[in-house]
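Observations on chain architecture
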Amino acid sequence: MTDEIADAQLSYDERVASGYYIYGLVDPRALRETGGDPLLSVFYVGKGKNDRWAMHERDVLNTLTREELLLERRSSKAERIRMILDRGEQVPAIRLSAGYLDDKDAYYAEALAIDTVGAVLAQAGRPPLTNATPGHHAGFVWLRDHFVFTETVEEELRGEPPTSGLPTAAPTEILVKGTVEELIVPGQRVTDPARLPHDVAAFGARVIALHMLDDAHPETTTRRGWDPLDPWTDLEARDRARRYWPIAPHRVATWLRNPDTMPRSLLLAIPEPGGQTVVRYAWSIDPLGTWEYYPDAGRWGLPLGDRLYEHLRLGRALYDNRDGRRVQVLHGYASGIRVIDS
């Protein structure tokens, strides 16, 4: 009897007992705040077998037992678990779904659960999930995005591009370039604020210094490249778009000092098979949000606000006139970032 036939003959109870399940880790304080609603108290969604859900708490406890310096990734699952343990509480979990015999199916179910629970939390005004990545890429895709992801219109920017990197007038948008290739993303942890550039050190909690871990560290993740037939979720696109960009510290300090000078939105443009680089995602930039600085690389992470589904430059391939030549806006910008005016 083949494995496929044997799997098909298992009862639902047998599949639940032996297969993968999707779970949510619950914060007891959030459970009290929500009047005992477990779904609104979830802070992390995962998949696993047996007692996988309990291993997260054990991992943090083991680290504390070894008296290591625990510098968790900002807003991470480990940080949230440590806060719960510091209150003298345990980390309960709820089962969201179960009975997946195939690892791939479990990944897809996990991604759907992340999108679903994340949407419920956002609707209720609760803190977002601490998941660093959405598991796999099978979550929600807005049907209206179909046209944004497939249609392309060419647009000419007015005037010549700046020759000094950043415009002198107040910019309105930051344009960054995504890729179709997978991206290796190192883990990151909060580091000494003394490593912040002098220009921004006085802004306190508005800027946080982060240390990028070694590529061999377990927190290193791989982010998939762009696929127009299976577009990035909002979480995936944000992770690709908001960091790590070279911006002069004095420019960031100017924006923080006077939010009216700060760019209003971040646009993510992606190379298409035909050679054009097209804007496919847009978000507002939170003028009061927290900026990230990576001293090892001298790069920045931007605080993003709401997704802008109706931004006028979605689906646009942007062009400059440079010395009488018509070129794409990001052409020749090796850093993959450009600050532009309307």
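Above this text sits the structure in question.
Residues numbered from 1 in each chain as written. Predicted model: local features only at pLDDT ≥ 70, side-chain atom pairs only at ≥ 80, totals over all residues. Heavy atoms only, no water.

Moving on to the nonpolar core. Among the nonpolar cores identified, the biggest contains 30 residues, and I174, L266, L268 and W291 are the most heavily contacted of them. Only β5 (173-177), β8 (207-212), α8 (234-241), α9 (249-257), β11 (265-271), β12 (277-285), β13 (291-294) and β18 (337-340) provide two or more residues apiece to this core. Counting residues per element, this core draws most heavily on α9, at four residues. Those residues within four positions of I174 in sequence are excluded, and the remaining contacts are W255, P263, S265, L266, L267, I285, L302, I337, R338 and V339. (Core = buried A, V, L, I, M, F, W, Y, C linked by side-chain atoms within 4.5 Å. Buried < 20%, exposed > 50% of the residue type's maximum accessible area, 1.4 Å probe, protein only. Helix = DSSP H or I, 4+ residues; strand = E, 2+ residues; numbered from the N terminus. Contact = heavy atoms within 4.5 Å.)

The end-to-end C-alpha separation of helix α6 (residues 103-123) is 30 Å, in line with the 30 Å expected for 21 residues at 1.5 Å each. Residues A106, A109, E110, A111, A113, I114, D115, V117 and L121 constitute the buried set of α6. Buried residues along α6 sit in contact with β1 (20-26), β2 (42-48) and β3 (93-100). For α6, the N-terminal cap is D102; the gap from its side-chain oxygen to the backbone nitrogen of K104 is 2.8 Å. At the C-terminal side of α6, G125 shows a positive phi close to 75°. (Expected span 1.5 Å × (residues − 1). Polar contact = N/O pair within 3.5 Å; in protein donor to acceptor, adjacent residues only side chain to side chain.)

The strand order β2-β1-β3 describes an open sheet built from three strands, whose pairing is antiparallel. Bordering the open sheet on either side are β2 and β3, each of which pairs with just one other strand. Geometrically, the sheet is characterised by an average inter-axis angle of 15° between neighbouring strands, direction not taken into account. The sheet contact formed by β1 and β3 spans six bridges and is antiparallel. Each bridged residue has a counterpart across the sheet, and for Y21 the counterpart in β3 is A98. (Pairing = 2+ DSSP bridges. Axes fitted to C-alpha atoms, helices over the stretch in contact; angles between N-to-C directions.)

Glancing now at helix α5 (residues 77-86). Residue pairs three or four apart in sequence face the same way in an α-helix, which turns once every 3.6 residues. Listing the buried residues of α5 in full gives K77, R80, I81, I84 and L85. Along the axis of α5, the buried positions cluster into a sector of 135°, meaning they face one direction only. (Arc of directions from axis to C-beta.)

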